[in-house]
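An overview of the molecular structure
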Amino acid sequence: MSNMENVNSEHAEEKTKTKKKWITPKTFPYILVFPAVFLFAVFTVYPVISSFILSFQASEGGEMSFIGFQNYIRLFNDGLFYQSLINTFTLLIIQVPVMITLAILLAVTLNSALVRFNGFFRIAFFLPSVTALVTASIIFIILLDSNYGIVNYVLSSIGLEKVSWLNDPFWAKVSIMLVVTWRWTGYNMVILLAGLQNVSQELYESASIDGAGKLRQFFHITLPQLKPVILFTVVLSTIGTLQLFDEPYILTNGGPNNSTLTVIMYLYDQGFRYFDFGYASAIAYVLVIIIAVLSWIQLRLGSDRD
Amino acid sequence: MSTSTANPQRKHLPKKIALYSLLAVGVIISIFPFYWMIIGATNPSGEIFSIPPSLIPGTYLIENFINLNESIGILRVVFNSLFIALSFTVLSLLICSAAGYAFAKFTFKGRDAIFFILLLSMMIPYHVTLIPLFRIFVELNWLNTYQAVILPQLAYPFAIFLMRQNMQAIPSTLLEAARVDGAGEFRIFFKIVLPTMRPALAAVAIFLFMFQWNNFIWPLVVLNSGEMYTLPVALSSLIGLSDIDYGQITLGAAISVVPIMVFFLILQKQFIAGILGGSVKG
């Protein structure tokens, strides 16, 4: 500071003066944001850019060198990548609608004046949301064991065939969907329940006076009023499912026959099993584009019909 | 809420039975896996698979614990997980609330641009950063360290966003009055701003803690020796073994979830607000 030289008072006073000069309402915000901006720049912005550059590179003798679009070309001819995309989208298209429908039904039921103890039910349904995905998957390995699991025990004791849950390509996908549904339905239900509580009671009252039944009220008041919240849960669940990793890694390790290999699992394999950083980065960027496009479509669909 | 017609008790009875049975099935599906985990954790490995299955907790808890400690060093692993999750939560809370305060209550160069980039980054899947992050930590020679797990997500955009939203409610006149009284900026932040933000801080802290406690793919990538593993990574290493000891694994699973559940049952409102990240107020 230049004016410090003119100060010839005591040392202590000088210290407080310079301190006051430094930290002012003008400079303080920079001090406040600095740690966040620095960490964000190093550990998010740089990696996002670097990953983009890497997707045009390949490792040659430890050094990365440019190879143009070759990673992307290879990706579009990679059967296993297509398989992982198909698997991920199969999970997405079936699991998300089922889960959101269930969550809406539960939320509407708990919101109904007929049901008491809704505090208890809300907590009980939310409980799975506090488990780690890895933990949830481990519990389901045990529940779904083909020979001795309790689910098959129950099935066979009511006279049904045992199901080869984790060892059959079809049922392995179903198993993944079961874990995800168990883990997230209550989470979505609580969001929807909060949305329902914002729907004005007057709408229902005037509909009742007009003689509209409960079912009509559900389709003509509840669903339209809840639409923004439903959209929010659908977008969140879509993004989550497209990034599925923990559950298939633990439950099936992508098998049997790659039937539960997801895009992120494939990225993990390419990046950290084969250390093909360029190729893995290309996979990551294709996923970025897919997520961006899907979110955009969902938000457009959501706002257009208003 | 308005109760509609004259004799509601009778009229609604069948409906009520249907609703409650639906809910009861839901509750059983939600809770049974937890109960089954306790059965598994207190029985020897084969027992949970006996036919017919035993439905009461066994007495093998201590043996399972000893075995689990022998195979993955569960005490060390729990310490790793706790240390990482707690230091991450404290540091991230400080960094994100400081940034949130700056965005909410100050004007400065680049504020809107930086905030926009933070929001934008929430749309990008975290996995895009995995490979460059890994290369950074190789370069720093920090593979297999606590800081490798803690550092990357400290500036958590969503937490910054939430703190900013909450801090906008602080009246600027309050801050001005403190300045007139001669309080320094740091003093205002720590003694006035943060204490009034307690409910928001609690929710964000739970959000951050749960994120890190459950974090899997990044620790899996960056940690490579058993004594550094966090709980999810250590548990996943047990799955890969050819001869799986289910007593151990379910106990490990229980250890990862039961303490969290207890906290959840005590602090339900804060937890729900925290896990949902402020999209819903408990």
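Numbers given to residues run from 1 along each chain, matching the order in which its sequence is written. Chain labels run from A onward and ligand labels from 1 onward, assigned in the order the entries are written. Selection of residues for local features in this predicted model requires a pLDDT of at least 70, selection of side-chain atom pairs for listing and counting requires 80 or more, and totals for whole chains, interfaces and linings are taken over all residues.

Here we come to the overall build of chain B. Under the DSSP-based scheme used, a helix requires at least four consecutive residues in state H or I and a strand at least two consecutive residues in state E, with every element numbered from the N terminus. Helices and strands together make up the secondary structure of chain B, namely 15 helices and 0 strands. For chain B, the C-alpha atoms occupy an extent of roughly 75 × 75 × 35 Å along the three principal directions. The buried share of chain B, taken over its 282 residues, is 41%. Put simply, of all contacts in chain B between residues at least 6 apart along the chain, 73% involve residues at least 24 apart. Our exposure labels follow a C-beta count within 10 Å of each residue's own C-beta, placed from the backbone: buried means 20 or more other C-beta atoms, exposed means 12 or fewer, and partly exposed covers the counts in between. Working definition of a contact: two residues with C-beta atoms, positioned from the backbone, lying within 7 Å.

Glancing now at the overall build of chain A. A count of helical and extended segments in chain A gives 13 helices and 2 strands. The size measure is the radius of gyration over C-alpha atoms, and the globule rule it meets is 2.2 Å times the number of residues to the 0.38 power. Here the C-alpha atoms of chain A give a radius of gyration of 27 Å, more than 25% beyond the 19 Å that 2.2 N^0.38 yields for 306 residues. Taking the principal axes of its C-alpha atoms as reference, chain A extends roughly 95 × 65 × 40 Å. Across the 306 residues that make up chain A, the buried fraction comes to 37%. Taking as baseline every contact in chain A between residues at least 6 positions apart, the subset at least 24 positions apart corresponds to 68%.

Contact with chain B, which involves 75 residues of that partner, is made by 73 residues of chain A. Among the elements that make up the side of chain B that touches chain A, the one with the highest residue count is helix 2 (residues 13–41) of chain B (14 residues). For this classification, Asp, Glu, Lys and Arg are treated as charged, while Ala, Val, Leu, Ile, Met, Phe, Trp, Tyr, Cys and Pro are nonpolar and the rest, including Gly, are polar. Here the residues of the side of chain B that touches chain A are counted per class, giving 55 nonpolar, 17 polar and 3 charged.

Attention shifts here to the pairing of strand 2 (residues 63–66) of chain A. Residue and element names in this part refer to chain A. Bridge count for strand 1 (residues 57–60) against strand 2 is 4 bridges, and the pairing is antiparallel. What sits directly across from Ser 59, in strand 2, is Met 64. Here a strand pair is declared whenever DSSP counts at least two bridges between the two strands. Linkage of strand 1 to strand 2, two consecutive antiparallel strands, is achieved through a turn of 2 residues, within which Gly 61 is found at a positive phi near 60°.

Turning to the environment of Phe 79 of chain B, a few remarks are in order. If you trace the backbone, Phe 79 of chain B turns up in helix 4 (residues 74–105). A count of 12 C-beta atoms within 10 Å places Phe 79 of chain B in the exposed class.

Core analysis: the largest hydrophobic core is formed by 152 residues, its most contacted members being Ala 36 and Ile 283 of chain A together with Cys 96 and Ala 99 of chain B. Residue ranges for the domains trace back to a domain assignment, done automatically or taken from a database. There are two domains that each give this core at least three residues, and those are domain 1 (2–54) and domain 2 (73–304) of chain A. With residues near it in sequence (within four places) discarded, Ala 99 of chain B still touches Leu 32, Val 33 and Ala 36 of chain A together with Ile 160 of chain B. For the purposes of this analysis, a nonpolar core is taken to be any set of buried Ala, Val, Leu, Ile, Met, Phe, Trp, Tyr and Cys residues that are connected through C-beta atoms within 7 Å.

Here we come to the packing of helix 2 of chain B against helix 14 (residues 246–266) of chain B. Packed helices, taken two at a time, are described by the angle between their axes plus the distance between the axes. Residue and element names in this part refer to chain B. Between N-to-C directions, angles cover 0 to 180 degrees, with each direction set by a line fitted to C-alpha atoms, over the stretch in contact for helices. Across the interface, helix 2 lies against helix 14 with an axial gap of 7 Å and an inter-helix angle of 130°. Comparing their axes, helix 14 and helix 2 come out oblique. As helix 2 packs across helix 14, the resulting crossing turns out to be left-handed. Counting all contacts with helix 2, which are made through Met 37, Ile 38, Gly 40 and Ala 41, the residues of helix 14 involved are Tyr 246, Gly 247, Thr 250, Leu 251, Ala 253 and Ala 254. Of the residues contributing to the contact of helix 2 with helix 14, the split by class is 7 nonpolar, 3 polar and no charged. In these notes the angle categories are as follows: under 35 degrees is roughly parallel, over 145 is roughly antiparallel, 65 to 115 is roughly perpendicular, and the rest is oblique. The handedness criterion is simple: a crossing whose near helix is rotated anticlockwise from the far helix by less than a right angle is left-handed, and one whose near helix is rotated clockwise is right-handed.

All names here are of chain B. Averaged over all residues, the pLDDT of chain B equals 88, while 93% of them reach at least 70. Element-level mean pLDDT values for chain B span from 59 in helix 1 (residues 8–11) up to 97 in helix 7 (residues 146–150). Contacts of residues 1–6 to residues separated by more than four positions or lying in other chains number 8 contacts, the stretch itself having pLDDT below 50. Model confidence for the complex is summarised by a pTM of 0.89, with the ipTM given as 0.88. Confidence per residue, as judged by the predictor, is encoded in pLDDT with a range of 0 to 100.

So, about helix 11 (residues 198–214) of chain B. Along an α-helix, residues three or four positions apart point the same way, because every turn accommodates 3.6 residues. An ideal rise of 1.5 Å per residue puts 24 Å on 17 residues; helix 11 of chain B measures up with 24 Å between its terminal C-alpha atoms. Taken as a whole, helix 11 of chain B has its buried residues at Ala 200, Ala 203, Val 204, Ile 206, Phe 207, Leu 208, Phe 209, Met 210, Phe 211, Gln 212, Trp 213 and Asn 214 of chain B. What a helix should span is 1.5 Å times the count of its residues minus one.

Below, the discussion takes up unusual backbone geometry. Cis geometry is adopted by the peptide bond preceding Pro 256 of chain A, which originates at Gly 255 of chain A and carries an omega value of -15°. Its place among the elements puts Pro 256 of chain A in the loop between helix 11 (246–251) and helix 12 (263–273). The phi angle at Asn 258 of chain A is positive, at roughly 60°, despite the residue not being glycine. Asn 258 of chain A gets classed as partly exposed once you count the C-beta atoms within 10 Å, which come to 16. At Asn 144 of chain B, a position not held by glycine, the phi torsion is positive, near 65°. Mapped onto the elements, Asn 144 of chain B comes out in the loop between helix 6 (130–139) and helix 7. On the basis of neighbour count, Asn 144 of chain B is assigned to the partly exposed category, with 15 C-beta atoms found within 10 Å.

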